[in-house]
Amino acid sequence: MIRTFAITCSILALAGTLVVASAAPAPTVVSPSQIHWVPGTGALKGTQVANLFGNPAKPGAFVTRVHMPDGITLGPHFHPVLENVTVLQGTLMIGIGDKVDVAKMVSLPAGSFFSVPPNVHHYAMSKGDTIIQLNDVGPWAMTPVKM
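Residues numbered from 1 in each chain as written. Predicted model: local features only at pLDDT ≥ 70, side-chain atom pairs only at ≥ 80, totals over all residues. Heavy atoms only, no water.

Visitor: What should I look at first to understand the nonpolar core in this one?
Guide: Nonpolar side chains in soluble globular proteins generally cluster together in the buried interior. If you look at the biggest cluster of nonpolar residues, it comprises 20 residues, and the most contacted ones within it are M68, L74, L92, F114 and I132. Secondary structure elements with two or more residues in this core: β3 (60-68), β5 (83-96), β7 (113-116) and β8 (122-138). For this core, the leading source of residues is β5, giving 4 residues. Setting aside its immediate chain neighbours within four residues, M68 contacts T47, L74, L92, M125, S126, G128, D129, T130 and I132. (Core = buried A, V, L, I, M, F, W, Y, C linked by side-chain atoms within 4.5 Å. Buried < 20%, exposed > 50% of the residue type's maximum accessible area, 1.4 Å probe, protein only. Helix = DSSP H or I, 4+ residues; strand = E, 2+ residues; numbered from the N terminus. Contact = heavy atoms within 4.5 Å.)

Visitor: Explain the environment of L74 here, please?
Guide: Its place among the elements puts L74 in strand β4 (residues 73-78). It is 9.1 Å that separates the C-alpha atoms of L74 and V100, two residues lying 26 residues apart in sequence.

Visitor: Can you help me understand the pairing of strand β2 (residues 48-53) in this one?
Guide: Regular strands place side chains that alternate from one sheet face to the opposite one. Pairing geometry for strand β1 (residues 38-39) and β2, over 2 bridges, is antiparallel. By the bridge assignment, V38 is partnered in β2 with V49. Pairing analysis gives 5 bridges linking β2 to β3, with the strands arranged antiparallel. Paired with Q48 across the two strands is H67, which belongs to β3. Where β2 hands over to β3, the hairpin turn is made up of 6 residues, of which G54 adopts a positive phi near 70°. (Pairing = 2+ DSSP bridges.)

Visitor: Just checking my understanding: could you explain the packing of aromatic side chains for this structure?
Guide: Working definition: an aromatic ring pair is given by the centre-to-centre distance plus the angle between the planes. For the structure on display, the rule yields 1 aromatic pair. Here the aromatic rings of F62 and W140 are separated by 6.4 Å at their centres, their planes lie at 65°, and the arrangement is edge-to-face. Pair noted here: F62 is in strand β3 and W140 is in the loop between β8 and β9 (143-144), with a separation of 78 residues, a long-range link. Here the two residues F62 and W140 agree in accessibility, since each one is buried. (Phe/Tyr/Trp six-rings, centres within 6.5 Å; stacked < 30°, edge-to-face > 60°.)

This is the structure:
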């Protein structure tokens, strides 16, 4: 009786594992031809934005790309969560503070990475045709610094 009970429990545990394993999410694969760019709004006006994974407005991981034409400036702003940025193309100039000061900006060429803690005021400008990628956890927002 005890042996039958133990075998039954083992089978049920294995069956439960198989159900969980079969319910695992599928990988996300996005080729360049599948990237859907939309015009940036609000503080991202003048850019093109493509969300590759997740939803920045909701809790959870997301991956978003921002295409910035040459000379676009993203004025002083901050985010409620950690911001992780990789420069994929072009050059991104970044600075810390409440006022854009080109002399204090750091130049980040393609391949560079930077991370900004939550609520740190910063600004950015593109030099050349620039694409950046955000790998973050939402909910994400971009709040302009009020002067």
